[in-house]
Amino acid sequence: MLLIRCPYCEAERPELEFTYAGEAHIARPADPSKLTDEEWKNHLFIRSNPRGTHFERWRHQHGCGRFFNAVRDTVSDKFVMTYKAGLPRPGDAELEEARS
């Protein structure tokens, strides 16, 4: 079973307490009404699916109920780090420090 650290509760809890909420740090269009149907479809449904480091949103559904961001390695399925929603994406130096 995976353990996920909630940055608000500051505790590692079983993955069953959490709900995946999609890719993190998606840039929202400033004026969606100016997008073509194809551009709007791509914004809503097309997401990256990288091999390796992936930035995700999660919700601590059966805990504090808050959304947060996580960095997960999709090859090993290990969580590298979690951080509070609204904070900027961690840089390479922060990710390397979290991995060690």
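Residues numbered from 1 in each chain as written. Predicted model: local features only at pLDDT ≥ 70, side-chain atom pairs only at ≥ 80, totals over all residues. Heavy atoms only, no water.

With that out of the way, let us pick up unusual backbone geometry. The phi dihedral of His-25 falls on the positive side, at around 60 degrees, and the residue is not glycine. Along the chain, the position of His-25 falls in the loop between β3 (19-23) and α1 (37-45). With relative accessibility at 34%, the residue His-25 sits in the partly exposed group. You will see that Asp-77, though not glycine, has its phi angle at about 65 degrees, which is positive. Along the chain, the position of Asp-77 falls in the loop between β5 (67-73) and β6 (78-84). Relative accessible area serves as the criterion here: at 32%, Asp-77 is assigned to the partly exposed category. (Helix = DSSP H or I, 4+ residues; strand = E, 2+ residues; numbered from the N terminus. Buried < 20%, exposed > 50% of the residue type's maximum accessible area, 1.4 Å probe, protein only.)

Here we come to a nonpolar patch on the surface. Taken together, Trp-40, Leu-44, Phe-45 and Ile-46 make up a surface patch of nonpolar side chains, about 430 Å² in accessible area. If you trace the backbone, Phe-45 turns up in helix α1. (Patch = residues over 30% accessible without salt bridge, like charges linked within 9 Å, V, L, I, M, F, W, Y side chains within 5 Å. Areas by Shrake-Rupley, 256 points an atom, 1.4 Å probe, with all protein chains shown as cover. Salt bridge = Lys/Arg side-chain N within 4 Å of Asp/Glu carboxyl O.)

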